[in-house]
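Chain by chain, the residues run as shown.
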Amino acid sequence: MGAIVLLSVLGWLVSLRTDYLWYDSVGYTSVFSTMMWTRLAMFGVFTLAMAAWCGLNLYLAYRFRPDTWPATSEQEGLERYRELISPKAGWWIGGVAAVVGVFAGMSAQSRWETWLLFREGGQFDWTDPVLNMNAGFYVFRLPFWQFLIGFGFAAVVVGILASLSAYYLYGALRFSGQGDRMTNVARIHLSVLVALFLGLKAVAYYFDRFDFTTQENPVTDIVGGGYTEMTALMNAKNALIWVSVIAAVVILVFSWGFTRSLALPAAALGLVVVTAIAAGGIYPAVVRNFQVEPNRPQREGEYAQHTIDGTRYAYGMENLETVSYEVESRPDATQLASADSPANPTVEDPALPDTSNPTISNVRLIDPFVVSDAFTQAQQPRSFYDFNEKLDIDRYTYTDENGNEVTEDFVVGLRELNPDQLTDEQQDWTVAHTVYTHGWGFVSASTTESDGGAPCFTSGVLSDDAGNCQIGNDIIDVEQPQIYYGLLNNEYAIVGVPEGETPREYDRPTDVTVVDEDAPEEDAEEIGDDRYTTYEGDGGVEIGSITRRLLYAWEFQEPRFLLSDQINEESQLLYNRNIRERVQMVAPFLTVESDPYPAVVDGEVVWIVDGYTTTNEFPYSDRVNLADATNDTYSGQGVANQASEEVNYIRSSVKAVVNAYDGSVKLYEFDEEDPILKAWNAIYGGDLIIPKDETPQALQDHFRYPQDLFKVQRSLLQRYHVDESRTFIEGGEAWATPSDPSQAQEVTQPAYYVYATYPDQEGEAFFQLTSSFTPRNRPNALASLMSGYYDENGDPQLTVYDVAGGDDQSVRQIHQIITSTSEVVTTLRDAQQTGTTVEWGNLLTLPIGDGILYLEPMYLRRQAGGQGEDLPVLTNVAISYGGYVGFAPTFEEALNMVVMKYVSGAPSEAEQTEGEDGGESPSETPSETPTTEAPTTEAPDTGEPPEVEAAIDNVLAAQAAYEEAQASGTNEEQGRALDDLLAALDQLEAARAAAGQ
């Protein structure tokens, strides 16, 4: 047993030392020392406090024990325990007190953050409108007061139990026999403890009143006390405070012997219980059921307004701008075309995209989620290189061939080393940890062009075939392309060799074309067809000494740290290499963005990670679950899942930057007004965060509106876009976030970054994050668009565009219209016959002119060179504008189709679909709650010939069966359903031809 304890303590000390060495290697020892010293101090203070209290009560009970005890069987059974304890009573009292104190200290040390925030927390620009307390009281001070009250209750209970045990052991308290059941001293002692418990209860009732501002209102299903809480329950708490105080006084009076009957103290305790039941339970229930429920808007309106205002402030939406976006039912499609385009374009003389409109000239065709495999296949000269499952979008400014400065967005990713792809020979401990240590290269591709359906690479090309991209492949200059820190490789690496020795870290192959040349001063050597290098950074822990090697041999349970001759006096150990975990360790108070993104800043590859300050204690602010609010198609597929944590305040306060080469972490202040960030910065010495005005401009140019914050705001705005409390409570204007139409299962559509200009932005392009909403009970209609971006000053802007005047469809409906057009049906048929998988990219919704442009790229996955791997190839682009659908291999051709249909006055695909569905437009859809049943297959009377009506019936039935197979069927069932749909469409076409239509 002693050996186990010794080994456990030794292991804890080793981990403590290695943790310190790691924090020292990244320059954040203040984080480690503050955390450890605070926890030790909390442990010590509360251990001593509880031990002293427990020991005091045990000592008093032992000191005032009776000289004799009744000769009863009960007491005779306790005699052997008294004989064991009495000779060494002091040791027993000290031992029990120490054990209880240690448990209390262990519990208290986990609240170290609560204490530090209590000590350093400041004020918010928000005051609770009901109790008139600043939000800082709720966030910083109330949690620690409640912890102290809880500790006080635990101490009193421990005191009561300890005293009862000692008094019972020595006969001062007994449950049988004649005469008094307890001595006077025992009665006084225990009564004081019970009175102290009731006094603490009164204090707890006082602080409980503040919890009303952060608890859920069951009437309106939002956070923040409503009419019942702020009237009935508030009065009940006030009454309970006085009742508890009176009961405590009564028990103290009893303790001094004015009466020996237990009736009076029992009555006092009963009064507390009865008051709690009647005033705290029955009365509020009556008020809620008979006053509030029948008059919800009138009774709850004032309090719902508090939550609307508080929620918008807490989630950074207090300056939310709402713009009414007027759209036409049939907008002029020629406004998509260049002024140089002909008025009546033809196939030979097509319309050209309006390149003066940034939204059109930068329209995004390449989907970063779909093309990761294509990046890997084209840019993977060795099998252990890999790209993240989801790539990223970022914008760069460069000088084009005409000497003009151009800003465009690109699909970007890092060619990381994936240890899971190493062969068995490469996974040998020495090879895996000292040779294959890093990836190589920042790779970008155009979002507006493709290279025969493949990504059009613009930088970081490491391939025998650089491709035929017309933009050029030297857009982004990288001086140090080695990638030691990223998302795919969290294995430790041992780097460094003595001066003059041959480098042994595999860098990259030399038998392929390299577009971005390495820095000439870099220490490297070519051996055969491979290039080897030595890590020159200082981001690791030095492990050259035998002491360090011994420490890490124990820490990683790996004896080869001691035995390997690859470790020398220059060796460094790189670990904790996942950049999200790295930021989380450096700044444990932050919630880290689930999707970090790489950027090239002044020639260096860095990761930019948004850091959020959060709390769940903000008054009158609704709660969200981070995991639920941020979940979408990408979650768990290249994008981390957020923890299932409830929050009701979030700020994008920090931009963390991790160097991909040396692992250095810098925390740049972004929100200068956030009190939580100010408190933590003060806690860690005042220099943990780099002030915002010291952020390099080259880095600021790559900041983007954070995704997780946007998703949380999107989730809340489904209800909180409403300004007026009555409308909010009635819920008639609630929105919903659409499901991703490209996925068979129900999952939220991801937001998307585009470099575009929106209606209120006066033609200026911004890199903005966009999503759409549908009315909650009308999933086929478009309600609004939402955009988040940083303006020209770098300040965050959040705008909601209320779509009015038109009958635009939701992304789900648009996807259905697109997939029902003859061109798409033919493509689907051909893909089905050749066994090729069809994959749709994210469907973009872009406001242009007086209409909405929808764009959805289609990819076909084809097998790559006999490797059994399906690679996505962009084969077609589908667009819809004003109900007209264009589907062609390029955006220009698809746009030309739309313009031609509009100019010719042909009926739009949306109108044709509505005719087949009975003429019901999305704006006329009844507002009942949708069901999950398949669409009806019964076509109404449309005035068509009987043969055509029958064919329409067959199409509707086949379409419903195909959608059901997509949602829950196997690949074989989906194939059969698609065949049936194609056959039904052929029959409809033949029937219309026979009818002369």
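Residues numbered from 1 in each chain as written. Predicted model: local features only at pLDDT ≥ 70, side-chain atom pairs only at ≥ 80, totals over all residues. Heavy atoms only, no water.

Draft legend 1. Molecular detail of the overall build of the chain. Counting secondary structure elements, the chain contains 27 helices and 36 strands. Across the 997 residues that make up the chain, the buried fraction comes to 54%. Of the contacts formed within the chain by residues at least 6 apart in sequence, a portion of 69% connects residues at least 24 apart. When the accessible surface of the chain is split by element, carbon and sulfur atoms take 51% of a total near 42,600 Å². (Helix = DSSP H or I, 4+ residues; strand = E, 2+ residues; numbered from the N terminus. Buried < 20%, exposed > 50% of the residue type's maximum accessible area, 1.4 Å probe, protein only. Contact = heavy atoms within 4.5 Å. Areas by Shrake-Rupley, 256 points an atom, 1.4 Å probe, with all protein chains shown as cover.)

Draft legend 2. Expanded view of the nonpolar core. Of all hydrophobic cores here, the largest spans 209 residues; its most connected members are F561 and L667. What L667 contacts, discounting residues up to four positions off in sequence, is Y28, V586, A587, V654, K655, A656, L688, I689 and I690. If you look at the next biggest cluster of nonpolar residues, it comprises 29 residues, including C54, I93, F137 and Y138. (Core = buried A, V, L, I, M, F, W, Y, C linked by side-chain atoms within 4.5 Å.)

Draft legend 3. Inspection of the packing of helix α2 (residues 29-63) against helix α7 (residues 184-211) at higher detail. Between α2 and α7, the least distance of the axes is 11 Å, while the angle of their chain directions is 150°. In terms of their interaxial angle, α2 and α7 are classed as roughly antiparallel. Residues W53, N57 and L60 of α2 form the contact with α7, whose participating residues are H189, L193 and L196. Looking at the contact of α2 with α7 residue by residue, the classes come out as four nonpolar, two polar and no charged. (Axes fitted to C-alpha atoms, helices over the stretch in contact; angles between N-to-C directions. Parallel < 35°, antiparallel > 145°, perpendicular 65-115°, else oblique. Nonpolar A, V, L, I, M, F, W, Y, C, P; charged D, E, K, R; others polar.)

Draft legend 4. Structural context of a nonpolar patch on the surface. Nonpolar side chains collect at one region of the surface, where W242, V245, I246, V249 and V253 lie side by side and expose about 470 Å² of accessible area between them. Mapped onto the fold, V249 is located in helix α8 (residues 227-255). (Patch = residues over 30% accessible without salt bridge, like charges linked within 9 Å, V, L, I, M, F, W, Y side chains within 5 Å. Salt bridge = Lys/Arg side-chain N within 4 Å of Asp/Glu carboxyl O.)

Draft legend 5. Looking closely at the packing of aromatic side chains. This structure, assessed with the given rule, holds 61 aromatic pairs. Between F384 and Y506, the ring centres sit 5.5 Å apart and the planes meet at 85°, which makes this aromatic pair edge-to-face. Here F384 is found in the loop between α12 (372-378) and β4 (385-386), whereas its partner Y506 is found in strand β14 (residues 505-509), with 122 residues between them in sequence. An aromatic cluster is present here, built from F46, W115, F118, F137, Y138, F144, W145, F147, F151, Y206, F207 and F210 joined pairwise through their rings. Sitting over the face of the ring of Y227, R299 holds its NZ or CZ atom 4.8 Å from the ring centroid. Over the face of the ring belonging to F703 we find K655, whose NZ or CZ atom lies 5.3 Å from the ring centre. (Phe/Tyr/Trp six-rings, centres within 6.5 Å; stacked < 30°, edge-to-face > 60°. Lys NZ or Arg CZ within 6 Å of the ring centre and 35° of its normal.)

Draft legend 6. Highlighting the sheet that holds strand β6 (residues 405-414). Taken together, four strands build an open sheet; the order of strands is β5-β6-β9-β10 and the sheet is antiparallel. Taken across any chain shown, the strands that pair with only one partner, and hence form the sheet edges, are β5 (392-399) and β10 (454-459). Looking at each pair of strands side by side, their axes are set apart by 50° on average, direction ignored. Pairing between strand β9 (residues 442-451) and β10: four bridges, direction antiparallel. If you follow S450 over to β10, its bridge partner there is P455. (Pairing = 2+ DSSP bridges.)

Draft legend 7. Expanded view of the packing of α2 against helix α6 (residues 135-169). Their axes nearest at 8 Å, the elements α2 and α6 cross at an angle of 30°. With respect to their mutual orientation, α2 and α6 come out roughly parallel. Remark: the crossing between α2 and α6 carries right-handed chirality. Contacts between α2 and α6 involve M42, F46, M50, W53, C54, N57, L58, L60 and A61 from the first element and F147, L148, F151, A154, A155, V156, V158, G159, A162, S163, A166 and Y167 from the second. (Left-handed = near helix turned anticlockwise from the far one by under 90°.)

Draft legend 8. Fine view of the pattern of salt bridges. Tallied over the full model, the rule gives 17 salt bridges. The partner of K237 in a salt bridge is D208, and the shortest N-O contact between them spans 3.6 Å. In this pair, K237 sits in helix α8 while D208 sits in helix α7, placing the two residues 29 residues apart along the sequence. Judged by its relative accessible area of 17%, K237 is buried. Relative accessible area serves as the criterion here: at 24%, D208 is assigned to the partly exposed category. Between R531 and D507 there is a salt bridge whose closest N-O contact spans 2.4 Å. One end of the pair, R531, is in strand β17 (residues 530-533); the other, D507, is in strand β14, with 24 residues separating them in the sequence. Considered together, R531 and D507 belong to a single accessibility category, that of buried residues.

Draft legend 9. Highlighting the layout of surface pockets. Computed from the structure, the second largest pocket encloses a volume of approximately 910 Å³. Taken together, 31 residues line the second largest pocket, and the ones lying closest to its centre are S361, E408, T448, E449 and E892. Sorting the residues of the lining of the second largest pocket by element identifies α11 (358-361), β5, β6, β9, β35 (870-881) and α24 (891-904) as the ones contributing at least two each. For the lining of the second largest pocket, the per-class residue count stands at 13 nonpolar, 12 polar and six charged. (1 Å grid on protein atoms, 1.4 Å probe; cavity = no way out; pocket = protein on both sides within 12 Å on 5 of 7 lines; lining within 4 Å. Points joined across faces, edges and corners; volume = space filled by probe spheres on them.)

Draft legend 10. Just the confidence of the model for the chain, in detail. When the pLDDT values of the chain are averaged, the result is 87; 89% of them are 70 or greater. Scored below 50 in pLDDT, residues 917-942 makes 37 contacts in the model with residues more than four places away or belonging to other chains. (pLDDT = per-residue confidence, 0-100.)

Draft legend 11. The arrangement of empty space enclosed by the protein in detail. The tally for this structure, following the rule as stated, stands at four cavities of 30 Å³ or more. Each residue belonging to the lining of the largest cavity can be placed in one class, and the counts come to six nonpolar, one polar and five charged.

Draft legend 12. A look at helix α1 (residues 2-26). With 25 residues, α1 ought to run about 36 Å at 1.5 Å a step, and its terminal C-alpha atoms sit 37 Å apart, in line with that. Taken together, the buried positions of α1 are G11, V14, T18, L21, W22, Y23, S25 and V26. Tucked into the core, α1 has its buried residues touching α2, β18 (541-542), α14 (546-555) and α16 (579-586). Downstream of α1 by a residue or two, G27 has a phi angle that is positive, lying close to 80°. (Expected span 1.5 Å × (residues − 1).)

Draft legend 13. Up close: the sheet that holds strand β19 (residues 572-574). Spatial strand order, β13-β19-β18: three strands in an open sheet with antiparallel pairing. At either end of the open sheet lies a strand with only one pairing partner, and these are β13 (493-495) and β18. Relative to β19, β18 runs antiparallel, the two sharing two bridges. Counted as the bridge partner of E542 is Q572 from β19.

Draft legend 14. Fine view of helix α18 (residues 675-683). Within α18, seven of the nine residues are buried, which leaves the element mostly enclosed by the surrounding structure. Listing the buried residues of α18 in full gives P675, I676, L677, A679, W680, N681 and I683. On its buried side, α18 packs onto α2, α5 (112-120), α6, β22 (604-615), β25 (649-659) and β26 (665-669). Phi turns positive, to about 100°, at G685, one or two residues after α18.

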